[in-house]
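Examining the three-dimensional arrangement
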Amino acid sequence: MLRETLFVFAAVVVILVSGTQVNHCGENKPYEDSNQVKISGCETPPCILKKKNRISIEETFVPEKDAEQLLTSVHATLLGIDLPFIGVDGMNACDNIYDANNNKVSCPLKKGTTYVYKTEFPILNIYPKVDLIVYYALRNGNDIVSCFTVPAKITG
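So, how was this worked out
- Residues numbered from 1 in each chain as written.
- Predicted model: local features only at pLDDT ≥ 70, side-chain atom pairs only at ≥ 80, totals over all residues.
- Heavy atoms only, no water.
- UniProt positions renumbered as here; feature names shortened; annotations may be inferred.
- Pairing = 2+ DSSP bridges.
- Helix = DSSP H or I, 4+ residues; strand = E, 2+ residues; numbered from the N terminus.
- Disulfide = S-S within 2.5 Å.
- Buried < 20%, exposed > 50% of the residue type's maximum accessible area, 1.4 Å probe, protein only.
- Salt bridge = Lys/Arg side-chain N within 4 Å of Asp/Glu carboxyl O.

Naming follows an unreviewed UniProt entry, where the protein chain appears as Protein NPC2 homolog of Polistes dominula. Quoted straight from UniProt, the Sequence similarities (unreviewed entry) entry for the protein chain says "Belongs to the NPC2 family." The protein chain has a UniProt comment under Subcellular location (unreviewed entry) that states "Secreted".

Following this line, the structure appears as structure tokens:
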């Protein structure tokens with residue numbers, strides 16, 4: 001029994017720690033380091049986003065400029081139309097920033113410093129069951145601090 005429990009725990013840790021293949025925004029070019037973005041339960045897209053479950057995201061990034069504030073910009077592209085992810089888009093990201101040593105920090109962020117953004121959010125029951133492209137950015141005003149896209153599928 002203990003062996004099975006340890007095996008399940010190890011499998012869950014591997015799932016949560018494995019990097020996810022994502023693309024740079026505006027390009028169909030994958031991130032050079034597949035461990036830069038980690039989406040729970042998704043190593044290879046499309047990521048399955050099951051309704052009534054929570055998804056965690058961990059992204060390592062280095063700002064090219066100082067950033068006073070970070071807000072999320074998260075939407076799904078369906079049939080060429082951008083639709084915001086309700087409850088995720090436009091949220092304050094400063095409360096979810098950590099340094100490279102996993103110490104919680106906040107804004108402002110300094111140019112050239114490595115940070116890790118960690119969050120989780122629910123896949124709401126009101127989301128339609130569809131295939132989509134998720135656009136996930138962290139913004140400082142009009143400046144994009146980090147951004148990735150990933151194919152996904154919302155399921156029941």
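**Here we look at the sheet that holds strand β4 (residues 54-61)**
Taken together, five strands build an open sheet; the order of strands is β2-β4-β9-β7-β8 and the sheet is antiparallel. Looking at strand neighbours, the two that pair on one side only are β2 (37-39) and β8 (104-105), the edges of this open sheet. The sheet contact formed by strand β7 (residues 97-99) and strand β9 (residues 115-122) spans three bridges and is antiparallel. Paired with Y98 across the bridge in β9 is V116.

**Considerations on the state of the cysteines**
All chains considered together, the criterion is met by three disulfides. Bridging C42 to C47, the disulfide has an S-S length of 2.0 Å. Between C42 and C47, the S-S torsion sits near -80 degrees, and that sign places the bridge as left-handed. A relative accessible area of 4% means that C42 is categorised as buried. With a relative accessible area of 1%, C47 lands in the buried category. Two residues share a disulfide in this structure: C94 and C107, whose sulfurs sit 1.9 Å from each other.

**A short note on the pattern of salt bridges**
Taken as a whole, this structure holds five salt bridges when the rule is applied. Among the salt bridges present, the one from E120 reaches R54, with a minimum N-O distance of 2.7 Å. In this pair, E120 is assigned in strand β9 and R54 in strand β4, connecting sequence segments 66 residues apart. Here E120 falls in the partly exposed class, since its relative accessible area comes to 45%. On the accessibility criterion, R54 (48% relative accessible area) is partly exposed. Salt-bridge contacts for D143 lead to K65; the nearest nitrogen and oxygen are separated by 3.3 Å. In this pair, D143 sits in strand β11 (residues 143-155) while K65 sits in the loop between β4 and β5 (71-78), placing the two residues 78 residues apart along the sequence. A residue is classified by how much of its surface remains accessible, and K65, at 51% relative accessible area, is exposed.

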